[in-house]
Amino acid sequence: MKKLMIVLTALFLVTAFVMPADAYRGGGKGHGYGFCNGNDLSGVQGLNLTAEQKTKISDLRIAHLKDVKPLQDKMHSKAGDLRLLWLEKNPDEAKIRATEKEIRALRDQMQDKGSDYRWAVYKSLTAEQQELLKKNRSTVRCFGAGPAGKGMGEGRGMGPGMGGNMR
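This text gives an overview of the structure that appears in the document. Fair warning: this is a prediction, and the values are worked out from it, not measured in the lab.

**So, the overall build of the protein chain**
Now for step 1: Of the regular secondary structure elements, the protein chain holds four helices and zero strands.
Now for step 2: Reading the protein chain from its N end, one meets helices and strands in the order α-α-α-α.
Now for step 3: For the protein chain, buried positions account for 34% of its 167 residues.
Now for step 4: Looking at the protein chain alone, contacts between residues at least 24 apart form 61% of all its contacts between residues at least 6 apart.

**A word on the pattern of salt bridges**
Close approach of charged atoms allows side chains with opposite charge to pair.
Now for step 1: Under the definition given, this model contains five salt bridges.
Now for step 2: Of the charged contacts, one joins Lys78 and Glu102 as a salt bridge, the two residues approaching to 2.7 Å between their closest N and O atoms. Here Lys78, found in helix α2 (residues 51-87), pairs with Glu102, found in helix α3 (residues 93-123); they are 24 residues apart in sequence, far enough to count as distant.
Now for step 3: The partner of Glu131 in a salt bridge is Lys134, and the shortest N-O contact between them spans 3.5 Å. Taken together, the positions of Glu131 and Lys134, both in helix α4 (residues 127-135) and three residues apart, correspond to about one turn of that helix.
Now for step 4: Glu131 gets classed as partly exposed once you look at its relative accessible area, which sits at 40%.

**Section: the nonpolar core**
Now for step 1: Membership of the largest hydrophobic core is limited to 10 residues, which are Leu41, Val44, Leu47, Leu49, Ile57, Tyr117, Val121, Tyr122, Leu125 and Leu133.
Now for step 2: The element contributing the most residues to this core is α3, with three residues.

**Some thoughts on the side chain of Ser124**
Now for step 1: With respect to the helices and strands, the residue Ser124 is situated in the loop between α3 and α4.
Now for step 2: On the basis of relative accessible area, Ser124 is assigned to the buried category, the value being 11%.
Now for step 3: Engagement of the side chain of Ser124 in a polar contact is seen with the backbone oxygen of Val121, the distance being 2.6 Å.

**As for α3**
Now for step 1: The terminal C-alpha atoms of α3, which comprises 31 residues, lie 45 Å apart, in line with the 45 Å expected from a rise of 1.5 Å per residue.
Now for step 2: Measuring from the side-chain oxygen of the N-cap residue of α3 to the backbone nitrogen of Ala94 gives 3.0 Å; that N-cap residue is Asp92.

**Re the packing of aromatic side chains**
Now for step 1: Per the stated rule, a full pass over the model turns up one aromatic pair.
Now for step 2: Between Trp119 and Tyr122, the ring centres sit 5.8 Å apart and the planes meet at 85°, which makes this aromatic pair edge-to-face. Of this pair, Trp119 and Tyr122 are both found in helix α3, three residues apart, which corresponds to roughly one turn of the helix.

**With respect to unusual backbone geometry**
Now for step 1: For Asn48, which is not a glycine, the phi torsion comes out positive at approximately 50°.
Now for step 2: With respect to the secondary-structure elements, Asn48 resides in the loop between α1 (2-25) and α2.

**Structural notes on the environment of Arg97**
Now for step 1: Structurally, Arg97 can be placed in helix α3.
Now for step 2: For Arg97, a relative accessible area of 51% corresponds to the exposed category.
Now for step 3: Of note is the side chain of Arg97, whose polar atom sits 2.8 Å from the side chain of Glu93.

So, how was this worked out
Residues numbered from 1 in each chain as written. Predicted model: local features only at pLDDT ≥ 70, side-chain atom pairs only at ≥ 80, totals over all residues. Heavy atoms only, no water. Helix = DSSP H or I, 4+ residues; strand = E, 2+ residues; numbered from the N terminus. Buried < 20%, exposed > 50% of the residue type's maximum accessible area, 1.4 Å probe, protein only. Contact = heavy atoms within 4.5 Å. Salt bridge = Lys/Arg side-chain N within 4 Å of Asp/Glu carboxyl O. Core = buried A, V, L, I, M, F, W, Y, C linked by side-chain atoms within 4.5 Å. Polar contact = N/O pair within 3.5 Å; in protein donor to acceptor, adjacent residues only side chain to side chain. Expected span 1.5 Å × (residues − 1). Phe/Tyr/Trp six-rings, centres within 6.5 Å; stacked < 30°, edge-to-face > 60°.

Structural measurements only, silent on function.
Pasting the structure below:
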């Protein structure tokens, strides 16, 4: 019985460490908070962005990354706080739940900012480019689900901030 308790405690602690780290990096849904995990639209063949569009998209990306950086930092800090709370001799459930709630709120803010960013990029494209982007959604994971077959912005295969609805 004592060995079972040790094993269960060890599993619990491992989970307590992994969950905040996984939440910080996006739960396996795309690992980054920038646009398409740092990718741009160059993977879409035939999109033929003008120099002006490339500059605008680059400027949008830089502004977006600057905008989400404080949220990323705060989320990282809260994840560390959560780890420490779980490691206390007598973990305080109320503090743990409050910290988890703060992490969820930060994640929601980042997701909203990511959606705003994707919309700005999407709107910088011509109607023809937007249609081409939709047709090539498996190449550009931020605007579609890829091979799983979901459409624009339905969430599969997207990182945090990448799950907005673009219909």
